[in-house]
Every structure is written in structure tokens, then in C-alpha cells.
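Listed below, chain by chain, are the residues.
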Amino acid sequence: MSDFNNILNQRLDVDFIFFDCMETLIDMVEIPTVFEYAKWAYEGSGLEDYWQNLEHFIDEYNIAAAKIKESLPEYKEYSTIERFILICENNEAVKSRIDPRTAAGKLNSNYWKTYISKCYIRQDVKEVLPSLKLKYGLGVVSNFMIPGGIEELLNIFSIGQYFKFVITSINMGWRKPHPAIYNAALKEASAVPERVLFIGDDYINDYDAPIKMGFNAVLLDKYNKYANVCNRIENFYQLKEILK
């Protein structure tokens, strides 16, 4: 990749590396859409009879998501359980037979169990992280709607020990690309943007926004979708090369 060769000619002199998590450190066997997210909560929850079918549940899932989004400032985070509570509170069949919060908890647990089952870690991530930890401070800065979820996934795949901290949108309240989440990571690292490299797969959240805030940034472009981006890599092996 010509862009990778161009990065090799630069000197990335940094003290800290901030990583996105999903599709950067941890991948999924399928990239979920709203359909999959709703399906993972509904199917196998034991609550299927409270809705006409999956399509009915998806409709109420989307309505709840829209209502919550309208009630919050842009990029303000909320948890998946809040969405499921709203779905159950607005469903007469649920309210007549079970406490809505109990039902929401079952949907949320079922969703999370299925989500975890879809995750895996790439070999390049497993091999490169230990060597990066020897030279740099490492942190995770991730949008995520399950409290403690990113930390759990990092530990499941035995890479949690490589990171000095984990900043998630659900814990600090704001999603990328809101500046607050990046500033929270800088405070945790006691670092300035110029001494930090940001790595992730999302162009806006992990590349454009960090650069505008003064970070160094490299886009993880595993599927070669961003040919116009100068600083991009396809895997963590290339990340290791540009940091030599």
C-alpha cells in the first residue's frame, strides 16, 4: 500500500497510543445493523410472546431509540438497558404480565450474551500489543452502551492487561466525536494531543476528530475503503512497522 510506505518515511514520536475498541482491537463475525441488535435482544429472551413477531419488536426498538435520541443533546450517551426499559414500559402486553424493568433486564442480558458470542480477536492484535506496551502507554477510547462491556471483552480475549485505562462513552457520558471523551482520555493519560497517536477504524471518530484536536492519527482501513486517506494501515503489523 503506497500510503503505508509514505507513513514509514515519517517519524511518529509519541508517548501514548489511544485505541478504539470494536473493529479495531476486537472484531465481530458480522457487522451488526439495527436489525441484528434488536434480534439479539429478542430471540431467545423468553419474552417473544409479548410482541407479535420480530418485526413488531424491531419497530418498537426503533421508536424507543428515536425518542431517546430526541430527548438528549447530540452525542450524549445512554445505555442499552434504558432503551429496553422504554420499549417494555410502552408495551401493554409486557406491563400486564411482568414488571417492565425485569423484562428489560432479560432483553439486555440476552442481547449482551449474543453480542459476546459474535466477537473475536485477530492474530495481528494479539501479537503486536505486547511489544507496543513495552514502549508506549496504551489506552482505550470507545463508544459503547453497555456499562463495563468493553472491559469485559478485553479481559475475555486476554488483552485487558495491556491498557493503562479504558474510557467509554457510557461511563463518561459523551460519545465520540464529542471533544469531552477525548479530553477525558488525555486527562487519564496525563498527556497532550501532540504526544498521542489515535488508532481506529471509524473515519470521523478515530481519524478526523482526533486530528482536529491536535492528535496524531492513523486510520485502520482493513478493507481498503479510504483510498483518499494518507495515514492508513491495514493491520497491526503495519502499525508496529511505522512505530519503529
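You'll find the structure just up there.
All values reported here derive from a predicted model rather than from experimental measurement.

**Thoughts on the overall build of the protein**
Part 1: When its secondary structure is counted, the protein shows 12 helices and 8 strands.
Part 2: In terms of its C-alpha atoms, the protein occupies a principal-axis envelope of roughly 65 × 35 × 35 Å.
Part 3: Per-residue burial for the protein yields a buried fraction of 52% across its 244 residues.
Part 4: With the model as given, the accessible surface of the protein reaches about 11600 Å², and the carbon-plus-sulfur share is 48%.
Part 5: The positive charge centre, built from 27 side chains, and the negative charge centre, built from 34, are 4 Å apart in the protein.

**Observations regarding the packing of helix H4 (residues 80-89) against helix H6 (residues 100-117)**
Part 1: Running from amino to carboxyl end, H4 crosses H6 at an angle of 135°, the nearest separation of the two axes being 8 Å. When the axes of H4 and H6 are compared, the pair comes out oblique. H6 is crossed by H4, and the crossing has right-handed handedness. Taken together, the residues of H6 that come into contact with H4 (itself represented by Thr80, Ile81, Phe84, Ile85, Cys88 and Glu89) are Pro100, Arg101, Ala103, Ala104, Gly105, Leu107, Asn108 and Tyr111.
Part 2: Classifying every residue of the contact of H4 with H6 gives 9 nonpolar, 3 polar and 2 charged.

**Digging into the nonpolar core**
Part 1: Core analysis: the largest hydrophobic core is formed by 60 residues, its most contacted members being Phe19, Leu25 and Leu129.
Part 2: In terms of residue count, H6 provides more of this core than any other element does, 6 residues in total.
Part 3: By size, the runner-up hydrophobic cluster in this structure holds 18 residues, among which are Val141, Tyr182, Leu186 and Ala209.

**Let's talk about the layout of surface pockets**
Part 1: What the largest pocket holds in volume is close to 1200 Å³.
Part 2: For the largest pocket, the lining is made up of 41 residues, of which Tyr37, Asn143, Arg175, Asp202 and Asn205 are closest to its centre.
Part 3: At 4 residues, the largest contribution of residues to the lining of the largest pocket is made by helix H3 (residues 54-71).
Part 4: Looking at side-chain class alone, the lining of the largest pocket contains 22 nonpolar, 4 polar and 15 charged residues.

**Regarding the pairing of strand S5 (residues 165-168)**
Part 1: Across 4 bridges, strand S4 (residues 137-142) lies against S5 in parallel orientation. By the bridge assignment, glycine 139 is partnered in S5 with phenylalanine 165.
Part 2: For the crossover that starts at S4, traverses helix H8 (residues 149-156) and ends in the parallel S5, the hand is right-handed.

**Some details on the state of the cysteines**
Part 1: Inspection of the entire model under this criterion finds 0 disulfides.
Part 2: Lacking any disulfide linkage, cysteine 119 is separated from the closest cysteine sulfur, that of cysteine 21, by 8.2 Å.
Part 3: Judged by its relative accessible area of 9%, cysteine 119 falls in the buried class.

**Concerning the pattern of salt bridges**
Part 1: Taken as a whole, this structure holds 13 salt bridges when the rule is applied.
Part 2: A salt bridge links arginine 175 to glutamate 77; the shortest N-O distance between them is 2.5 Å. Within this pair, whereas arginine 175 is found in the loop between helix H9 (169-172) and helix H10 (179-189), its partner glutamate 77 is found in the loop between H3 and H4, the two being separated by 98 residues in sequence.
Part 3: The class of arginine 175 is partly exposed, set by a relative accessible area of 26%.
Part 4: A salt bridge links glutamate 92 to lysine 95; the shortest N-O distance between them is 3.2 Å. One end of the pair, glutamate 92, and the other, lysine 95, are both in helix H5 (residues 92-97), 3 residues apart, so they sit about a helical turn from each other.
Part 5: Under the relative-accessibility criterion, glutamate 92 is labelled exposed at 56%.
Part 6: Relative accessible area serves as the criterion here: at 40%, lysine 95 is assigned to the partly exposed category.
Part 7: Each member of the salt-bridge network shares a partner with another, and the members are Glu23, Asp27, Arg122, Asp124 and Lys222.

So, how was this worked out
Residues numbered from 1 in each chain as written. Predicted model: local features only at pLDDT ≥ 70, side-chain atom pairs only at ≥ 80, totals over all residues. Heavy atoms only, no water. Helix = DSSP H or I, 4+ residues; strand = E, 2+ residues; numbered from the N terminus. Buried < 20%, exposed > 50% of the residue type's maximum accessible area, 1.4 Å probe, protein only. Areas by Shrake-Rupley, 256 points an atom, 1.4 Å probe, with all protein chains shown as cover. Lys, Arg positive; Asp, Glu negative; His and termini not counted. Charge placed at Lys NZ, Arg CZ, Asp CG, Glu CD. Axes fitted to C-alpha atoms, helices over the stretch in contact; angles between N-to-C directions. Parallel < 35°, antiparallel > 145°, perpendicular 65-115°, else oblique. Left-handed = near helix turned anticlockwise from the far one by under 90°. Contact = heavy atoms within 4.5 Å. Nonpolar A, V, L, I, M, F, W, Y, C, P; charged D, E, K, R; others polar. Core = buried A, V, L, I, M, F, W, Y, C linked by side-chain atoms within 4.5 Å. 1 Å grid on protein atoms, 1.4 Å probe; cavity = no way out; pocket = protein on both sides within 12 Å on 5 of 7 lines; lining within 4 Å. Points joined across faces, edges and corners; volume = space filled by probe spheres on them. Pairing = 2+ DSSP bridges. Right-handed = clockwise from strand over helix to strand, strands pointing away. Disulfide = S-S within 2.5 Å. Salt bridge = Lys/Arg side-chain N within 4 Å of Asp/Glu carboxyl O.

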